[in-house]
Amino acid sequence: MVQNIRDMDELKALLKSAENKLVVIEFSAKWCGPCKRMYPLFHEMSVQYRNVMFASVDVDNARELAQIYHIKAIPTFQMFKQAQKVTLFSRMKRTICCYRSGSLSEPIFELCGTDAKKLEEKIRELM
Amino acid sequence: MHQAALLGGMIHDASHYGWKVAQPPHDWGKMAEAVQNHVKSLNWGHRVQLQDRKVKYFNFKASFVNPHMVCGVSKGGEETLLSADHIVIATGGRPRYPTHIEGALEYGITSDDIFWLKESPGKTLVVGASYVALECAGFLTGLGLDTTVMIRSVPLRAFDQQMASLVTEHMAVHGTRILRGCTPLRVERLSDGRLQVTWVDLASDKKDTGTFDTVLWAVGRVPETRGLNLEKAGVRTNPNTQKILVDAQEATSVPHIYAIGDVAEGRPELTPTAIMAGRLLAQRLCSRSSDLMDYDNVPTTVFTPLEYGCVGLSEEEAVARHGEERVEVYHAYYKPLEFVVPERDASQCYIKMVCLREPPQLVLGLHFLGPNAGEVTQGFALGIKCGASYQHVMRTVGIHPTCAEEVAKLRISKRSGLDPTVTGC
């Protein structure tokens, strides 16, 4: 199941409810061809990996959220985990300051594009 | 959509080259979706770029409160006041509805709408003679739709008239019905949902009617200045066009307020021109440069079924400026190689180069009618910017086989009276 996230409050609630589980969020848009191709694969993964939480954000409907996470190209997949160590490598260019109980709102990994294999590998590695 | 139409033509040509293909039907919905997705991705790209460059983006409808203050209203109705050292107005223009024609607003659409139609427009009447009218009519015809263009006086008024005439001649020969010297009187909806248009032939004063699925107005554009409250800022406009009056620095009647693009008076209504003017203005405002925008020799292309690319002066303008005696016009009809095998009609494939008669014969304008006119014209625009002369042209070796090489091969002048039609190698 892929949950639809519309704003920061919903995102925070999702991350909180995830506890120690890995969260994978897809940023996409209705007009984006590659996103359409990725979606069924993303959905399949959500069915297969039950201990991982999957969500999607429509960048047109949730513009502020897309801006906060500096989404430049789509589809972009960001992974979050309530980890004690935030040294897991990140390809992020900036940090969101939210230093309570392990930087809940900061992604630990980001992947742009349609490499479903790479996405799945990373999910298996981090979950 | 022009490309979609051209591809239809190429599928037809393909069989001549040995491809075993039958002419397939066209799915308007699929094409429209692709176009719409692309436009939305462009809008996204612009927002991302603004963010990247740390430009604060306010999604507000703005109007002036005084020369230094702008009021922005959000979608929710909240007002925000913003003041700045410099203000640049770039609100562009919108298609005009001929509101004096009964039913025009209720039943007609404009170019803003055509790309967003989910279903095919069907049998269409395009009213207008601008490049928007001709381009739309052109691709609609190419997609297999019954298309009529209604022109009140002359096609492509601001362009070289000989070229404009060849453009419309090509369209008429290739399936677009062109009604010259006619103007619509009213549009009514019939019981079956179709539109009935009544028009008058201005020469004979005879009235006529026609039934269409869609009526597309392409009768000019109006600048988006009405809601800006320009008077509150003291920014003056041309009372006839309602465009903002500007000087060579793009400054309006108020020194710290600027206007660029279609909203400014006397500028070519072209996107790349507005973009460049904006960039140069930004450089000047940051005191990085004092370069002004050069509005001369701006190349452009009309993407009608047979494309028309031009840069510089039309023949009429050159003669008006320099006098017929001081102008030399070289011209030639040619046949694109790709027309030969599929036996396409090349009667309107034509090139004209307008030069000064005095050596070295500076090139004043180039006009190219043929496939890929935009690609052909772009390179020559650079040549003209560098002050190319006909002597340079004569020393430029052509690339074979192309249509562009025909420009370098121009040898026959209009003055000589010699036949400019296709010759051998």
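Note that this is a predicted model, so its numbers are computed, not measured.

Caption draft 1: Highlighting the side chain of Thr176(B). Structurally, Thr176(B) can be placed in the loop between helix 6 (161-173) and strand 9 (177-180). Those residues in contact with Thr176(B) that lie beyond four places of it in its chain are Ala137(B), Thr141(B), Thr147(B), Val149(B) and Met171(B).

Caption draft 2: Structural detail: the pairing of strand 20 (residues 363-369) of chain B. Residue and element names in this part refer to chain B. Judged by how many residues are buried, strand 20 sits mostly within the fold: seven of seven residues are covered. Where strand 19 (residues 350-356) and strand 20 come together, six bridges link them in antiparallel fashion. In the strand pairing of strand 20, Met353 is matched with Leu366. Remark: six residues form the turn of the hairpin made by strand 19 and strand 20, two consecutive strands paired antiparallel; Gln361 in that turn has positive phi of roughly 65°.

Caption draft 3: View of the UniProt feature "domain: Pyridine nucleotide-disulphide oxidoreductase dimerisation" (unreviewed entry) in chain B. Mapped onto the present numbering, the UniProt feature "domain: Pyridine nucleotide-disulphide oxidoreductase dimerisation" (unreviewed entry) falls at residues 298-409 of chain B. Regarding residues 298-409 of chain B, the helix share stands at 30% and the strand share at 26%, and the terminal C-alpha atoms are separated by 23 Å.

Caption draft 4: Main features of unusual backbone geometry. Backbone torsion omega between Ile74(A) and Pro75(A) reads 0°, so that peptide bond is classified as cis. Between Pro359(B) and the following residue, Pro360(B), the backbone shows a cis peptide bond with an omega angle of 5°. Tracing the backbone shows Pro360(B) in the loop between strand 19 and strand 20. Phi at Asp205(B) takes a positive value of approximately 65°, unusual for a residue other than glycine. By the secondary structure assignment, Asp205(B) is in the loop between strand 11 (195-201) and strand 12 (207-212). Judged by relative accessible area, which is 60%, Asp205(B) ranks as exposed. The phi dihedral of Gln361(B) is positive, around 65°, even though this residue is not glycine. On the secondary structure map, Gln361(B) appears in the loop between strand 19 and strand 20.

Caption draft 5: Region of the structure containing the side chain of Thr252(B). Inspection of the secondary structure assignment puts Thr252(B) in the loop between helix 7 (230-233) and strand 15 (257-259). Here Thr252(B) is in contact with Val235(B), Ile244(B), Leu245(B), Val246(B), Ile257(B), Tyr258(B) and Ala259(B), once residues within four sequence places are set aside.

Caption draft 6: Representation of the confidence of the model for chain B within the structure. Of the residues in chain B, 99% have a pLDDT of 70 or more, and the chain-wide mean is 96. In the predicted assembly, ipTM is 0.76 and pTM is 0.90.

Caption draft 7: Up close: the environment of Thr396(B). Residues and elements named next belong to chain B. Along the polypeptide, Thr396 turns up in the loop between helix 12 (390-394) and helix 13 (405-408). On the basis of relative accessibility, which here comes to 42%, the residue Thr396 falls in the partly exposed class. Here the alpha-carbon distance between Thr396 and Ser416, two residues 20 residues apart in the chain, equals 22 Å. At 2.8 Å, the side chain of Thr396 forms a polar contact with the backbone oxygen of His392.

Caption draft 8: Representation of a nonpolar patch on the surface. Residue and element names in this part refer to chain B. A contiguous nonpolar surface patch, about 660 Å² in accessible area, is contributed by Ile11, Tyr17, Trp19, Val21, Leu337, Val340 and Val341. By the secondary structure assignment, Trp19 is in the loop between helix 1 (2-14) and helix 2 (28-52). Given a relative accessible area of 62%, Trp19 falls into the exposed group.

Caption draft 9: Layout of the pattern of salt bridges. Residue and element names in this part refer to chain B. On inspection of all chains with the given rule, the structure shows 22 salt bridges over all chains. Taking the shortest distance from any N to any O, the salt bridge between Glu315 and Lys352 comes out at 2.8 Å. Placement of Glu315 in helix 9 (residues 315-322) and of Lys352 in strand 19 is noted, with a sequence separation of 37 residues between them. The pair formed by Glu315 and Lys352 is uniform in burial state, with each residue classed as buried. Linking Lys409 and Glu406 is a salt bridge whose minimum nitrogen-to-oxygen distance equals 3.5 Å. Note on Lys409: relative accessible area 41%, which makes it partly exposed. Note on Glu406: relative accessible area 19%, which makes it buried.

Caption draft 10: Highlighting the interface of chain B and chain A. Between chain B and chain A, the contact holds 10 residues from the first and 12 residues from the second. When the two sides are added together, the surface that chain B and chain A hide from each other amounts to roughly 950 Å², 54% of it contributed by carbon and sulfur. In this structure, the connection of chain B to chain A is made through three salt bridges. Taken together, the links from chain B to chain A amount to four residue pairs in polar contact (both at pLDDT 80 or more).

Caption draft 11: Representation of the packing of helix 5 (residues 131-142) of chain B against helix 6 of chain B within the structure. All names here are of chain B. With their axes 11 Å apart at the nearest point, helix 5 and helix 6 run at an angle of 25° to one another. If you check the angle between helix 5 and helix 6, you find them roughly parallel. In this structure, helix 5 meets helix 6 at a crossing whose hand is left-handed. Here Leu134, Ala137 and Gly138 of helix 5 come into contact with helix 6, specifically with Val167, Thr168 and Met171. The class makeup of the residues in the contact of helix 5 with helix 6 is four nonpolar, two polar and no charged.

What counts, and at which threshold
- Residues numbered from 1 in each chain as written.
- Chains lettered and ligands numbered in written order.
- Predicted model: local features only at pLDDT ≥ 70, side-chain atom pairs only at ≥ 80, totals over all residues.
- Heavy atoms only, no water.
- Helix = DSSP H or I, 4+ residues; strand = E, 2+ residues; numbered from the N terminus.
- Contact = heavy atoms within 4.5 Å.
- Buried < 20%, exposed > 50% of the residue type's maximum accessible area, 1.4 Å probe, protein only.
- Pairing = 2+ DSSP bridges.
- UniProt positions renumbered as here; feature names shortened; annotations may be inferred.
- pLDDT = per-residue confidence, 0-100.
- Polar contact = N/O pair within 3.5 Å; in protein donor to acceptor, adjacent residues only side chain to side chain.
- Patch = residues over 30% accessible without salt bridge, like charges linked within 9 Å, V, L, I, M, F, W, Y side chains within 5 Å.
- Areas by Shrake-Rupley, 256 points an atom, 1.4 Å probe, with all protein chains shown as cover.
- Salt bridge = Lys/Arg side-chain N within 4 Å of Asp/Glu carboxyl O.
- Buried area = accessible area lost by both parts, 1.4 Å probe.
- Axes fitted to C-alpha atoms, helices over the stretch in contact; angles between N-to-C directions.
- Parallel < 35°, antiparallel > 145°, perpendicular 65-115°, else oblique.
- Left-handed = near helix turned anticlockwise from the far one by under 90°.
- Nonpolar A, V, L, I, M, F, W, Y, C, P; charged D, E, K, R; others polar.

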